Amino acid sequence: MRLIVSTLALGVALAGCTAKDEPVASASAAAPAAQGPATAAEADAFVAAAEKEGMEFGEYGARIAWVNSTYITDDTDWLAAKVGAEGTELAVKYAKGAARFDKVAGLSFDTKRKLDILKQGIVLPAPAGEGAAQELSTIATRLQSTYGKGRGTLNGNPMSGNDLEALMGTSRNPAELKEMWTSWHAVGKPMRQDYVRMVEIANQGAKELGFSDLGAMWRSNYDMSPEEFAALTDKLWGEVKPLYDELHCFTRGKLNAKYGAVVQPKTGPIRADLLGNMWAQEWGSIYDVVAPKGAGDVGYDLTALLEAKKYTPLKIVQTGEGFFSSLGFAPLPKTFWDRSMITKPADREVVCHASAWDVDNKEDLRIKMCTKVNGNDFVTVHHELGHNYYQRAYNQQPYLYLNSANDGFHEAIGDMVALSVTPEYLVQIGLLNKNQVPDASKDTGLLLRQAMDKVAFLPFGLLVDRWRWGVFNGEITPANYNQAWTDLRLQYQGITPPVARSEADFDPGAKFHVPGNTPYTRYFLARLLQFQFYEAACKQAGWTGPLHRCSFYGNKEVGQKLNAMLAMGASKPWPDALEAFTGTREMSGKSMIAYFQPLMTWLKEQNKGQQCGWQ
Ligand code: X8Z
Ligand code: ZN
């Protein structure tokens, strides 16, 4: 396992979506030279030592984190906390050692870039001082395991988070939805004090590394200043917000029609538990509620197809592998199938939230999922495999470049592949009959179904870190943690909790990435990037039809070009990687907007005369 490399690389005890470790340096490598000003040659040697030792520490930490995440006990928590603390101490020592070369002239491009990665990439830095790293790591481990072991209820019966997540998508009973939402959100409550303390310690750690606060440190990983990055995310949100606003307006109208004004008023925010997802982050599960008659009947439902063809979780993963193989990527290694956790074990506590792992930074790729046979998990499997194929594509890079171009890239690859899961593709793999392929008159439905997941997610993708950035810089204090969360949910998503909240609650803790300490802006970026990648791939494939009907399944040329970008790892600033595959150097909402253009026109027409907006 590696000490923190970048925002993507997570600490040992903090396995998130792509569980990796942080770069490690020994105390000797990190220690300042005894005498004289530092030289470029010393910087080269410092980086080389870091890479060597990081690689060595890596596998050890990753194996412990894996066992902890797939078998939560007091003992594995203890081990994960211990190795996490060791990793953090080394990473911090390393980051501080790297600062010694700040003013050294004549550094090579790579040495300078790697020193920056060492200085900026720690997700949860600990300050100096006896026991700080251990306390931080113990808290971080406890938060993640508390989430993993969390339970809510339905009709008074205890239920795992994983089961509740699925049921939020299928129940259409407002009382049940409210119960599931409320009981699950109680999982955050006991985390509050830990979270407060964790923020104190990690903020202090960030300050010792020269950052104003931990949020600024997180925002420093995008080949631009933290301020420029925050401004970029504002700009990107501005591009796509009009599309979200139309979707919100349309969806609210349909919910009002289905449930009546007592449950869902005609104006104002949407009740958060009615949108088919525990966090109202993706709404595709309630497509049946919003589907317009005729044009909205897309003729098939992926979950139903998977059930009808008796797909198993394993078969879904094999199907995902098949897509990547069709692009020319080598099959997954045997160890992937032996070591992955594809379904939820019956007899022990695990972290069900899906993640992809690269345990030895070479070939020991794994996913960890509690896969259910439904359309959502079909997409999530592709998402996770995208991480694994990325990891393997860059495994020839030096240790500090074993990462994506920026963290949004890592999150976008599998999703871009899943955008190719078109009706025509489903025919190719035998899930759909040829005569079931919806004709052009159903395009609105297909796009609306897709928008309910892709567009609906955007404000959520942004606000999770808006909240954390505020917590880290002190604008949000423990006295208004929950109110600030609820306010941001209203401001960005236009949603409101189904029951009154207070500062006795800690709703952010009910979302995996908060107790899991996984930065979240990456998913916002990925939502836009995946459409940029997809549009570029379709162009490469010579597709001329409507964008959303394009599948690049089986296209080796696309595969080759994709591999070229993935293989760059983190070795170049992200605009270089983006350019290599798409020809542009800008992250932008343009491709997503182009994809949904026909839907936007249609939504505006539907929403005519409605009082859209919520404030
Ligand atoms: O956490 C994930 C992946 C693992 S990186 C399953 N995602 C975000 C979430 O679930 O909140 C993918 C979409 C957004
Ligand atoms: Zn992911």
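Residues numbered from 1 in each chain as written. Chains lettered and ligands numbered in written order. Predicted model: local features only at pLDDT ≥ 70, side-chain atom pairs only at ≥ 80, totals over all residues. Heavy atoms only, no water.

Notes on unusual backbone geometry
One non-glycine residue, N155, lies in the positive phi region at around 50°. Phi at D223 is positive, roughly 55°, even though this residue is not glycine. Along the chain, the position of D223 falls in the loop between α9 (214-218) and α10 (226-259). When its relative accessible area of 40% is taken as the criterion, D223 is described as partly exposed. (Helix = DSSP H or I, 4+ residues; strand = E, 2+ residues; numbered from the N terminus. Buried < 20%, exposed > 50% of the residue type's maximum accessible area, 1.4 Å probe, protein only.)

So, the nonpolar core
In globular proteins that are soluble, nonpolar side chains generally tend to be buried together. By size, the foremost hydrophobic cluster in this structure holds 181 residues, and its most contacted members are Y195, F409, W467, F533, F552 and F596. Tallying contributions element by element places helix α18 (residues 443-473) first for this core, with 17 residues. Residues within four places of F409 in sequence aside, it is in contact with Y390, S404, L529, F533, M565, W574, A577 and L578. Counting nine residues, the second largest nonpolar core, distinct from the first, contains A62, W66, C352 and C370. (Core = buried A, V, L, I, M, F, W, Y, C linked by side-chain atoms within 4.5 Å. Contact = heavy atoms within 4.5 Å.)

Remarks on the packing of aromatic side chains
With the rule as written, the count across this model stands at 40 aromatic pairs. With a centroid separation of 5.7 Å and 85° between ring planes, the pair formed by F323 and F552 is classed as edge-to-face. Taken together, the residues span a long stretch of sequence, with F323 in helix α13 (residues 313-326) and F552 in the loop between α20 (521-540) and α21 (556-567) at a distance of 229 residues. For F323, a relative accessible area of 0% translates into the label buried. By the ring-pair criterion, three or more aromatic residues cluster together here, those being F323, Y425, F531, Y534, F552, Y553, Y595 and F596. (Phe/Tyr/Trp six-rings, centres within 6.5 Å; stacked < 30°, edge-to-face > 60°.)

A short note on the coordination of the zinc ion (ligand 2)
For a metal bound by four donors in tetrahedral geometry, the ideal donor-metal-donor angle is 109.5 degrees, whereas six donors in octahedral geometry ideally sit at 90 or 180 degrees. At this site the zinc ion (ligand 2) is bound by H383 (NE2), H387 (NE2) and E411 (OE), with donor distances of 2.0 to 2.1 Å. The coordination sphere of the zinc ion (ligand 2) comprises four donor atoms, whose angles at the metal cover 89 to 134°; the geometry is tetrahedral. Within one chain, the residues donating to the zinc ion (ligand 2) are spaced in sequence as H-x3-H-x23-E. Of the two residues, H383 and H387 both sit in helix α15 (residues 375-393), four residues apart, roughly one turn of that helix. Here H383 matches H387 in class, with each residue buried. (Donors = N, O, S within 2.8 Å, 3.2 Å for Na, K, Ca; no water. Tetrahedral: all angles 85-135°; square planar, octahedral: opposite > 155°, others 65-115°.)

Side note on the side chain of Q540
Turning to its location among the elements, Q540 is positioned in helix α20. By relative accessible area, which is 19% here, Q540 ends up buried. In this structure the side chain of Q540 is engaged in a polar contact, spanning 3.0 Å, whose partner is the backbone oxygen of F581. The residues touching Q540, leaving out its near neighbours within four places in the chain, are E557, V558, K561 and F581. (Polar contact = N/O pair within 3.5 Å; in protein donor to acceptor, adjacent residues only side chain to side chain.)

Digging into the pattern of salt bridges
Applying the stated criterion to the full structure yields 38 salt bridges. Of the charged contacts in the structure, one is a salt bridge between D102 and K119, with a shortest N-O distance of 2.5 Å. Separated by 17 residues along the polypeptide, D102 in the loop between α3 (74-99) and α4 (109-120) and K119 in helix α4 bring together distant segments of the chain. The class for D102 is partly exposed, based on a relative accessible area of 48%. For the salt bridge of R466 with D234, the shortest nitrogen-to-oxygen distance reads 2.7 Å. (Salt bridge = Lys/Arg side-chain N within 4 Å of Asp/Glu carboxyl O.)

Concerning the packing of helix α6 (residues 161-170) against helix α7 (residues 174-185)
Direction vectors running N to C along α6 and α7 enclose 145°, while the axes themselves pass 10 Å from each other. Remark: the crossing between α6 and α7 carries left-handed chirality. Along its contact with α6, which presents G161, L164, L167 and M168, the element α7 presents L177, M180, W181 and W184. For the contact of α6 with α7, the per-class residue count stands at seven nonpolar, one polar and no charged. (Axes fitted to C-alpha atoms, helices over the stretch in contact; angles between N-to-C directions. Left-handed = near helix turned anticlockwise from the far one by under 90°. Nonpolar A, V, L, I, M, F, W, Y, C, P; charged D, E, K, R; others polar.)

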